[in-house]
Amino acid sequence: MRLASVSDAEKPLAFPAVTWQPIPGGIAAPRGFRAAGVAAGLKPSGLPDLALLLAPEQASCAGSFTTNLVRAACVDLCAQRLQQCGGRARAVIINAGQANACLGERELSDSLRITAAVAAELGLAEEAVQICSTGVIGQPIPMDTLLAGLGPLLASLSRQGGAAAAQAILTTDLVAKDIALEADLAGRTVRIGGMAKGSGMIHPAMATMLAVLSCDAGVEPRLWQAIVDRAVERSFNAVSVDGDTSTNDTCLAFAAGPPLAAEQLAALEEGVMAVCTHLARAIARDGEGATCLLEVAVEGAASAADARSIARTVCASSLVKTAIHGRDPNWGRIVAAVGRAGVPLDAHAIALWLGDTQLMAAGRPLSFDRQAVSAYLEARAAGAYLRDDSVAIRIAVGDGSGAGLAWGCDLSDQYIRINADYTT
């Protein structure tokens, strides 16, 4: 079962024919990893809000972080520690409810205090512990509450803790987002797990709100970072819900276990890409107030990067998103978004499809059944985040070899209501 759909033009390596099969367990499915999630009392709702992942010894850790210049201190702390430790880490603790951002010196001191407490409990060096926070910007973490929750959290660490951890990192998300895959690589079973959170403030300039991956194959830190960077660029960086890049965006990926032969790294990268793509799509599908997933495929560009830029611009267009929500096949909004992506192209070469219906060829409109296309859009609405379907927009912009995908969602009045009432 192939969970990722990635064009050949986007692949830096020739991926071999390997079947990555879904398995239970989420982030804790890879051998040697343990996870936990508890309700520590950080959220007024009483829902789970504190998660922990513990990796085996000598784990490589790759990180990708927000490029927003206004960012939480925990983001810089993670990046600094990875550099200090040569791409190694053993654990990440994640709190939900408070972003711990824009609080001056307190945000760093609280992050240091939390990671020191976790390190002491686990017998690790402080530098080996990463930290992610998510929630309302400008809200400090209730430290006494969090520290009191560490005991139950560590007591819950287990191979069965993946689902609880994925639940504990959510904020406005409607569903938990996790996955685990395994494949046979040269007679050895390799597993990759992942979890993510994100529903609003999603237009990443690195990764999504939060994402964590685990893998039970050993990969040298520099190689692992390169694999994760490529996967992040073609998955999380290809998602847009509302055009806003968060202060806390972080993706951390851990790999620990017997090393793979060099010729198996391409197959491993395929699995990492499949996990990231699944999580990225799940985030777009669960966009705040959304009723359907939007997938934009662009072909014929000069490069894969150009194709992804065009696709992401279409996904981020408020006019495209509202047209999709209204089940209105207003193709002019799509073409206008293509033209403002900042990518050189010939407007007379554009062809456009919505679902299986072609709306445009050689830069000119075609006759089509508007009712049938509206019915296609309606069929993708109402709870689409629970199904593996999407509104498919395909755009050809020339005869280049560049192709790429991006994902988004429709824009509804519920998005406005959710965010208007977010802190009141």
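Residues numbered from 1 in each chain as written. Predicted model: local features only at pLDDT ≥ 70, side-chain atom pairs only at ≥ 80, totals over all residues. Heavy atoms only, no water.

**Side note on the pattern of salt bridges**
So, point 1. Overall, the coordinates contain 14 salt bridges when judged by the stated rule.
So, point 2. Residues glutamate 269 and arginine 234 are paired through a salt bridge, measuring 3.9 Å at the closest nitrogen-oxygen approach. In this pair, glutamate 269 sits in helix α6 (residues 265-285) while arginine 234 sits in helix α5 (residues 221-234), placing the two residues 35 residues apart along the sequence. Pair check on accessibility: glutamate 269 and arginine 234 agree, each one buried.
So, point 3. The closest approach of N and O atoms between arginine 417 and aspartate 413, which form a salt bridge, is 3.8 Å. Highlighted residues: arginine 417 and aspartate 413, both in helix α11 (residues 413-420), separated by 4 residues, approximately one helical turn.
So, point 4. For aspartate 413, a relative accessible area of 41% gives the class partly exposed. (Salt bridge = Lys/Arg side-chain N within 4 Å of Asp/Glu carboxyl O. Helix = DSSP H or I, 4+ residues; strand = E, 2+ residues; numbered from the N terminus. Buried < 20%, exposed > 50% of the residue type's maximum accessible area, 1.4 Å probe, protein only.)

**Looking at the sheet that holds strand β14 (residues 364-365)**
So, point 1. Within the open sheet, the 6 strands sit side by side as β14-β13-β12-β15-β11-β16. Their pairing is mixed. Looking along the sheet, the strands with just one partner apiece sit at the ends: β14 and β16 (402-409).
So, point 2. Where strand β11 (residues 293-301) and β16 come together, 7 bridges link them in antiparallel fashion. Across the sheet, residue valine 296 finds its bridge partner in β16, namely alanine 406.
So, point 3. Against the sheet, α6 contacts β11 and β16, and its axis sits at roughly 40° relative to β16. (Pairing = 2+ DSSP bridges. Contact = heavy atoms within 4.5 Å. Axes fitted to C-alpha atoms, helices over the stretch in contact; angles between N-to-C directions.)

**What to know about helix α10 (residues 370-379)**
So, point 1. Those residues of α10 that fall on the buried side of the exposure criterion are Val373, Tyr376 and Leu377. Angularly, the buried residues of α10 cover 95° about the axis, an arc narrow enough to put them on a single face.
So, point 2. Next to the buried residues of α10 lie α8 (318-325), β12 (351-354), β13 (357-361) and β15 (391-396).
So, point 3. Capping of α10 at its N-terminal end is provided by aspartate 369; its side-chain oxygen lies 3.1 Å from the backbone amide nitrogen of glutamine 371. (Arc of directions from axis to C-beta. Polar contact = N/O pair within 3.5 Å; in protein donor to acceptor, adjacent residues only side chain to side chain.)

**Regarding helix α7 (residues 304-316)**
So, point 1. The terminal C-alpha atoms of α7 lie 18 Å apart, and with 13 residues this matches the ideal 18 Å at 1.5 Å per residue to within 8%.
So, point 2. All of the buried residues along α7 are Ala304, Ala307, Arg308, Ile310, Ala311, Arg312, Thr313, Val314 and Cys315.
So, point 3. Elements that come into contact with the buried residues of α7 comprise α5, β11, α8, α9 (331-339), β15 and β16. (Expected span 1.5 Å × (residues − 1).)

**Side note on the state of the cysteines**
So, point 1. Across all of its chains, the model carries 0 disulfides by this definition.
So, point 2. With no disulfide of its own, cysteine 102 lies closest to cysteine 74 among cysteine sulfurs, the gap being 11 Å.
So, point 3. Exposure remark for cysteine 102: the relative accessible area of 46% places this residue in the partly exposed category.
So, point 4. The closest cysteine sulfur to the non-disulfide-bonded cysteine 292 is located on cysteine 409, 7.8 Å from its own sulfur. (Disulfide = S-S within 2.5 Å.)

**Quick word on the nonpolar core**
So, point 1. Among the nonpolar cores identified, the biggest contains 73 residues, and Trp20, Trp224, Phe236, Leu268, Val296 and Ile395 are the most heavily contacted of them.
So, point 2. The greatest single-element share of this core, amounting to 12 residues, is contributed by α6.
So, point 3. Judged by nonpolar contacts, the second largest core, of 55 residues, contains Ala36, Phe65, Phe254 and Ala256. (Core = buried A, V, L, I, M, F, W, Y, C linked by side-chain atoms within 4.5 Å.)

**Details of the packing of aromatic side chains**
So, point 1. In the structure shown here, the tally under the stated rule is 0 aromatic pairs.
So, point 2. Here arginine 394 stacks its cationic end above the ring of tryptophan 353, 3.9 Å away from the centre of that ring. (Phe/Tyr/Trp six-rings, centres within 6.5 Å; stacked < 30°, edge-to-face > 60°. Lys NZ or Arg CZ within 6 Å of the ring centre and 35° of its normal.)

**Focus: the pairing of β12**
So, point 1. Burial along β12 is two-sided: the face carrying Ala351 and Trp353 and the face carrying Leu352 and Leu354 are both buried.
So, point 2. Across 4 bridges, β12 lies against β15 in antiparallel orientation. If you follow tryptophan 353 over to β15, its bridge partner there is arginine 394.
So, point 3. The pairing of β12 with β13 spans 3 bridges and is antiparallel. Counterpart to leucine 354 in the pairing with β13 is threonine 357.

**Considering the sheet that holds strand β10 (residues 250-255)**
So, point 1. Reading across from one edge, β1-β7-β8-β9-β10-β4 is the order of the 6 strands in this open sheet, with mixed pairing throughout. Since the sheet does not close on itself, it has two edges, and those belong to β1 (21-22) and β4 (60-65), each with one partner.
So, point 2. Here β4 runs beside β10; their pairing, made up of 6 bridges, is antiparallel. Counted as the bridge partner of alanine 62 is alanine 253 from β10.
So, point 3. Lying over the sheet, helix α1 (residues 73-84) contacts β4 and β10, oriented at roughly 140° with respect to β4.
So, point 4. Its contacts with the sheet place α5 against β4, β9 (210-215) and β10, and it is angled at close to 35° to β4.

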